[in-house]
Structure formats: C-alpha cells, structure tokens
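Observations on the model geometry
The primary structure of each chain is shown beneath.
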Amino acid sequence: MELRAGAASRIITPPVGVDMCGFAARSGPSVGVHDDLQAKALFLATQDGCLLLITADLIGLSHAQVQTIGQRIFEVTGVPPEAVMVACSHTHSGPATPAITVIGDVDEEYIRGVENKLVEVAVEAWARARPAMLGWRREEVCIHVNRRQVTDHGVVIGQRPGGLTLPWVDVLAVDDADGRPVARWFSHACHAVVLGHENRLISADWPGYAQRTIEAAEPGCTALFAQGCCGDLNPSPRGSFAIAERHGKAVAGAVIKAAALCGQSAEPALGFSTELLHLPLQDPPPVDEAERLAAQLEADYKAREAEMVYGEKQWYGGWVRWAR
C-alpha cells in the first residue's frame, strides 16, 4: 500500500499574436505575454491503483482532446485513461482553444503542441515517482462573489450579495518520504477573470499568481490548480494584475496553511470513479424555421459588422456558422 508520487511541469505559453478566448469584446488578438502559462501533472500510485492529475492554464479543452491525451498516456505508462483527470484553470487571458468555437480562431499548430506537452508532463510525473506521503484538508478562503444579479429586466452578470458561494479551498498535499514538498494540488471555485476584455496580454490570471506564490514559499514543490464549479462565481474586486496578485496570494496562503495542518499518511487508499452524463438537448427546429433563423442571423451580422470590434465579429460570425 506504500504511496509513490511524482510531479512535473511544462510551459505552454502561446506565441504572441494568437487569438484569445473568453471575451467577445476584445479589440484584437494578443499583443504580448505578461506571465507564462503552464501545464502540470501529479502521479499517485499504491499497490491498489494509480491516478494522474493534470492541470493546465487554459480556458478549456475539448472532450475529444482529453480522450486522446488519456489514450496516449496509457500507451506509454499503462495508467488507464479513466484514471487521468485533465483540469483547466479557465483563464480568459489565454489562447483560443477548441473548447469554445465562437470566440477566437484556434492556432492548430499550437494546440497540437499543447497536447504533446500534456502527454509529456504526465509521463515525466509518472517516471519521477518515489516514496511519498499524502494529506488532504479544506481551508476557508473566498475571493469571489455570486455574479447572478437579479434585476427588473431579468438576471445579468453583476454581483449578488448573499448569493451562493463556495468559500473554501480543497488541498491535496504531497511530500516525499523525507518530508520535502512534492506537490500541492488545490481547487477553489472562481472564474479566472480578474483581467477583463481590455487585457490583451497572455496571463494565467489569479490562479497563476497563486501557483507561483506557493512554489516560492515551498521550494521544490509543484503547485497545481484545478478549477472548481465557478460558473456563477466571479472574483471581487476585478480589473488589474495587482488585484489578480492579491487574490492569488490570498488563496495561496490558505493552501500553505492547509498543507501545514493536514497530517499525512504513507499508506493512503487511492481510488477514482467516473460517470458519463447524457444531457438532454432541445429538438432541432423544422428545416424552414432553421433556414429563417440562419438568414436572420446572417442579415443581423452584415448590418452590424461595420461597428463591431474584433471579438464581436468572431462571436457573431461563429453563431452564423452554427445556424447554417
């Protein structure tokens, strides 16, 4: 039952000039890099089984990409694809990816490189496995506010004081047999949108600051951020890299505290479960209705195109393609 663990990281920063994702109001593609994006992996194994936890500073990846990555990892390591979890931070200051097809054109060469690096980082973490100890703890922290603001005209993205929040961070702390830090895997639910549509610099947003703060405080440690259920949770306040840094440090402090207090075992029980959800879809409209919808969207697009900013053209153009 002895635990073995290994961790690794790779830089996955895209080239300057790629389209960014997350905001349709952007005035153009990326113009520079503020901080590097990274992919990281944590491998855990006992005699009973193994897990590979992979994180990436990206808005998301497609289901097909994740399946491919898991299969490629299995072919090298023998880790079952269903024991591989790929979690993206959902930064809105990263490159366009196949996860969202109507905001930004995907740099296919870059995305192929990302897939390769995710496989590489997983294999490296697997190869670096050594005797280790593991502990888990939930620590209080909250940098978000519920964004489903109710108005007389319906629900808008804003602030809803008293709305549902998830004011904690979940932490998995892994040290080697000598007590030296190997990894800190942590999850806090909060959109990575401190930086708004005005920003055109590549950045991991607040999760990047959190990871870098943890790694600076615990030399030798790989910090991995897995986004929680952040759909209705935005950081508060927002608006600058300085604010992103404050939020990141707040979460990092809670992670470091949790790691110090969690208590660890060299013989934990490892396991995983998966469930495939089949979500119901609306029936498609009759063909004549669909044709009218496509024609109306195309007409609206052409009528507004001259006044649209760069991102809006991609957004509305994407919906025209969808309607067709």
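Look above for the structure.
Computed from a predicted model, the values in this text were never measured in an experiment.

**Overview of the overall build of the protein**
The helix and strand tally for the protein stands at six helices and 14 strands. In terms of overall dimensions, the protein is globule-like: its C-alpha atoms have a radius of gyration of 21 Å, near the 20 Å expected for 324 residues. On the principal axes, the C-alpha backbone points of the protein span a range of 65 × 45 × 40 Å. Sorting the 324 residues of the protein into buried and exposed places 48% on the buried side. Considering only contacts within the protein whose residues lie at least 6 apart along the sequence, 79% involve residues at least 24 apart. Here the protein has roughly 15,800 Å² of accessible surface; of this, 53% comes from carbon and sulfur atoms. Averaging the coordinates of the 28 positive side-chain charges in the protein and doing the same for the 39 negative ones gives two points 4 Å apart.

**A few points about the environment of Glu-124**
Within the secondary structure layout, Glu-124 lies in helix H2 (residues 108–127). With 44 residues separating them in the primary sequence, Glu-124 and Trp-168 have C-alpha atoms 31 Å apart. Glu-124 has contacts with Ala-8 and Arg-10, leaving out every residue within four places of it along the chain.

**Focus: unusual backbone geometry**
With an omega of 0°, the peptide bond running from Ser-236 to Pro-237 counts as cis. Examined against the element boundaries, Pro-237 turns out to sit in the loop between strand S14 (233–235) and helix H4 (241–261). Located in the positive-phi region is His-90, a residue other than glycine, with phi close to 70°. As for its placement among the helices and strands, His-90 is situated in the loop between strand S5 (84–88) and H2. Positive phi is not limited to glycine here, since Asp-205 has a value of about 60°.

About the cut-offs
Within each chain, residues carry numbers counting from 1 in the order of the written sequence. pLDDT decides what is reported in this predicted model: residues at 70 or higher carry local features, side-chain atom pairs at 80 or more are listed and counted, and totals for whole chains, interfaces and linings draw on all residues regardless. Computation of side-chain values covers all heavy atoms of the structure but excludes hydrogens and water. Secondary structure elements are defined from DSSP: runs of H or I of at least 4 residues count as helices, runs of E of at least 2 residues count as strands, and each element is numbered from the N terminus. Using C-alpha atoms as the atom set, the radius of gyration is obtained and then compared with a globule rule of 2.2 Å times the number of residues to the power 0.38. Relative accessibility decides the category of a residue: with a 1.4 Å probe and only protein chains considered, values under 20% of the type maximum give buried, values over 50% give exposed, and everything between is partly exposed. Any pair of residues with heavy atoms lying within 4.5 Å of one another is described as a contacting pair. Methods summary: accessible areas were calculated by the Shrake-Rupley approach with a probe of 1.4 Å, and residue burial reflects only the protein chains presented. Charged residues are defined here as Lys and Arg on the positive side and Asp and Glu on the negative side; His and the ends of the chain fall outside this count. Every charge is mapped onto a representative atom, which is NZ of Lys, CZ of Arg, CG of Asp or CD of Glu.

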